[in-house]
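Spelled out from the first residue to the last, the chains are:
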Amino acid sequence: DPAVTSFELDNGMEVVVIEDHRAPVVTQMVWYPVGSADEPWGTSGIAHFFEHMMFRGSEKFPNGIASQIIAENGGSENAFTSYDYTGYYQTIAADRLDIVMDLESDRMRNLIIDDDTTATERKVILEERNQRTDSSPQALFSEQMRAALFMNHPYGVPVIGWRHEIENLSPDDLRTFYDAFYSPDNAILVVAGDVTPEQVRDLAEKYYGPLPASGQAPAPRPSEPPQLAPRRIEMADHRVRQDYVMRQYLVPSYESEDPTESAALLILSEILGNGIGSRFASRLQLEDKSAISTGAFYSPSSRDPSVFGIYGVPTRGTDLDTVEAGLDDVIAELVEKGPTEEEVERVKRLIRAARIYAKDSVTAQARLYGSSLAVGRTVAEIQAYPDVIEAVTAEDVRAAAENNLDLNRSVTGRLIRAEEAPK
């Protein structure tokens, strides 16, 4: 693993430095551990709104000048929003780190938020929702699934926001959110590349150190109540070209008290649904020929409970009942007999290889640490996670399936083709 150093500025900003001196390149990432799940009720989409607003500019660097400066210096930039965090990053020559620190620290507290910028970005965001969600029955179906799975927790609200609430966000809503959460005490600075901790500390103290803390943290999130019954939904849309069935289970994410559970769930998802050699593909696609596509997914990187998903797409002439029954049969067999040692070791090799390949990119390294830190993990936990994976046994995986793939904590959905478009 690369050398990793962490420290905190006087204003509360956490700083993590990942040294990689193989090329004279550096990535700066600023992570705000405030995502769509932290939005005030009724203002969905406001966290994602700032992913756009932050590129509008400040008085010092207005009208996209910051992006122009980065491009003129051979750098690149981007941003992202999730349920748990919002992040901004630049990759640039290592001797120009001070340039992007100046730009990023300026927009942390000096962003222009007015009627014109709000109206302009609202149009862009609504068009993004049109293109990525409203025009896609699969995306709309995913929204409905997640809204049904989370009965009380804000993970059930889409990251991009509900259209009617995006339309009503005001400049005052944006200013209140920005003033509270876009501050050094609500931020994590991750710098990866050809730098030393001393260089980063000096620059961070120069550019981020003078910024005032807001003293405000996101409010505690509502928790999910006990889920006592399976839920089922069916969505029909005339634009659907291929019916399919999906199930999502409410499961634990990474927990420092018991990291083995999330590691076992991660390995379970790979055994069940990753590639043609997986359990689902071997049974439904190759043996039964009842499905043309199958899969499973899970991410341990979530601050609150996570989602374990499975799906199957039927072959021509096969109904969804058959595919769903096939998925259930595969899970039941794994719960009864457990996976083989060979299956578990194969997945461990894949996970190990992915982590090794990530070291080829300073941006990937910064993202690995930043995404984990932003959901509450420590540097030590991030570095120890490969050992947690290696320690998982076949019995751990079997037990994870038995304990967590509970229909009472699940939503099963079917997306089917409607015969006619709505009038």
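Residues numbered from 1 in each chain as written. Predicted model: local features only at pLDDT ≥ 70, side-chain atom pairs only at ≥ 80, totals over all residues. Heavy atoms only, no water.

> Summarise the overall build of the chain; cite the residues concerned and give the values.
In terms of regular secondary structure, the chain is built from 15 helices and 11 strands. Radius of gyration (C-alpha) of the chain: 23 Å, near the 22 Å computed for a compact globule of 423 residues. Dimensions of the chain, computed from the C-alpha atoms along their principal axes, are close to 65 × 55 × 40 Å. The buried share of the chain, reckoned over its 423 residues, is 54%. (Helix = DSSP H or I, 4+ residues; strand = E, 2+ residues; numbered from the N terminus. Rg over C-alpha atoms; globule rule 2.2 N^0.38 Å. Buried < 20%, exposed > 50% of the residue type's maximum accessible area, 1.4 Å probe, protein only.)

> Go over the packing of helix α9 (residues 259-273) against helix α11 (residues 320-337) with me, naming the residues and quoting the values.
Running from amino to carboxyl end, α9 crosses α11 at an angle of 130°, the nearest separation of the two axes being 11 Å. By the criterion of interaxial angle, the relationship of α9 to α11 is oblique. The crossing of α9 and α11 is right-handed. Where α9 abuts α11, its residues L268, I271 and L272 lie against V330, I331 and L334. (Axes fitted to C-alpha atoms, helices over the stretch in contact; angles between N-to-C directions. Parallel < 35°, antiparallel > 145°, perpendicular 65-115°, else oblique. Left-handed = near helix turned anticlockwise from the far one by under 90°. Contact = heavy atoms within 4.5 Å.)

> Residues and numbers for α9, please.
If you check α9, its first and last C-alpha atoms are 22 Å apart, about what 15 residues at 1.5 Å a residue would give, namely 21 Å. Counting buried positions over the 15 residues of α9 gives 13, a clear majority of the element. Where α9 ends, the next residue or the one after it, G275, has phi of about 90°, a positive value. (Expected span 1.5 Å × (residues − 1).)

> Give a description of the sheet that holds strand β1 (residues 4-8) that names residues and reports values.
The strand order β1-β2-β6-β3-β5-β4 describes an open sheet built from six strands, whose pairing is mixed. Every other strand in the sheet has two partners, leaving β1 and β4 (76-81) as the edge strands with one partner each. This sheet shows a mean twist of 15° between the axes of neighbouring strands, independent of strand direction. Relative to strand β5 (residues 86-93), strand β3 (residues 25-32) runs antiparallel, the two being bridged by eight bridges. Residue Y32 lies in a different strand from β5, and its bridge partner there is T86. (Pairing = 2+ DSSP bridges.)

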